[in-house]
Amino acid sequence: AAAGRLAALVAEALPARTRPSALAVGGHACETPRQCEQIRTALQLHFDAPALVVGDAELLVPAAGLDKGVGLVAGTGSVAVGRSADG
């Protein structure tokens, strides 16, 4: 269901009859490799394009322009993700 909603949002944001050449998603509550893989597979079926799906906390460090660090999402649910320079 999540992939279907994401696919609808992507299709709505694109010009008519335009297909993405690739997709990258930072998904809220996509916390396990299995969850991310299931959404990735479903998105690829919608668009026939390569897709990468990670948890949203994984995007914080690269979004800050860093190659290593710790990203923390804190609220009613909290997630912390750390990556060293070697991944």
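In this report, we go over the structure that sits alongside the text. It should be emphasised that the depicted structure is a prediction, and the values quoted were computed from it without experimental measurement.

A short note on the overall build of the protein
- When helices and strands are counted, the protein shows three helices and four strands.
- Listing the helices and strands of the protein from first to last along the sequence gives α-β-α-β-α-β-β.
- Along the three orthogonal principal directions, the C-alpha set of the protein runs to about 40 × 25 × 20 Å.
- Across the 87 residues in the protein, those meeting the buried criterion constitute 23%.
- A separation threshold of at least 6 residues defines the contact pool for the protein, and within that pool the share at least 24 residues apart is 46%.
- A total accessible area of about 6,100 Å² is found for the protein, and carbon and sulfur atoms account for 58% of it.
- Measuring between centres, the 7 positive side-chain charges of the protein sit 6 Å from its 8 negative side-chain charges.

Regarding the pattern of salt bridges
- Summed over all chains, the structure comprises one salt bridge.
- With its nearest N and O atoms 2.5 Å apart, the salt bridge here joins Arg40 to Glu37. Here the residue Arg40 and the residue Glu37 both occupy positions in helix 2 (residues 33–47), the gap between them amounting to three residues, near one helical turn.

Describing the nonpolar core
- If you look at the biggest cluster of nonpolar residues, it comprises 12 residues: Ala3, Ala7, Leu23, Val25, Cys30, Cys36, Ile39, Leu43, Phe47, Ala49, Ala51 and Val53.
- Tallying contributions element by element places helix 2 first for this core, with four residues.

Re the packing of helix 1 (residues 2–13) against helix 2
- Look at helix 1 against helix 2: their axes get within 9 Å of each other, and the N-to-C directions meet at 45°. Classed by the angle they form, the pair helix 1 and helix 2 counts as oblique. For helix 1 against helix 2, the interelement crossing comes out right-handed. Contact residues: helix 1 offers Ala2, Ala3, Gly4, Leu6, Ala7, Val10 and Ala11, while helix 2 offers Ile39, Ala42, Leu43, His46 and Phe47.
- Counted by class, the contact of helix 1 with helix 2 contains 10 nonpolar, two polar and no charged residues.

Here is what the cut-offs are and how they apply
Residues numbered from 1 in each chain as written. Predicted model: local features only at pLDDT ≥ 70, side-chain atom pairs only at ≥ 80, totals over all residues. Heavy atoms only, no water. Helix = DSSP H or I, 4+ residues; strand = E, 2+ residues; numbered from the N terminus. Buried < 20%, exposed > 50% of the residue type's maximum accessible area, 1.4 Å probe, protein only. Contact = heavy atoms within 4.5 Å. Areas by Shrake-Rupley, 256 points an atom, 1.4 Å probe, with all protein chains shown as cover. Lys, Arg positive; Asp, Glu negative; His and termini not counted. Charge placed at Lys NZ, Arg CZ, Asp CG, Glu CD. Salt bridge = Lys/Arg side-chain N within 4 Å of Asp/Glu carboxyl O. Core = buried A, V, L, I, M, F, W, Y, C linked by side-chain atoms within 4.5 Å. Axes fitted to C-alpha atoms, helices over the stretch in contact; angles between N-to-C directions. Parallel < 35°, antiparallel > 145°, perpendicular 65-115°, else oblique. Left-handed = near helix turned anticlockwise from the far one by under 90°. Nonpolar A, V, L, I, M, F, W, Y, C, P; charged D, E, K, R; others polar.

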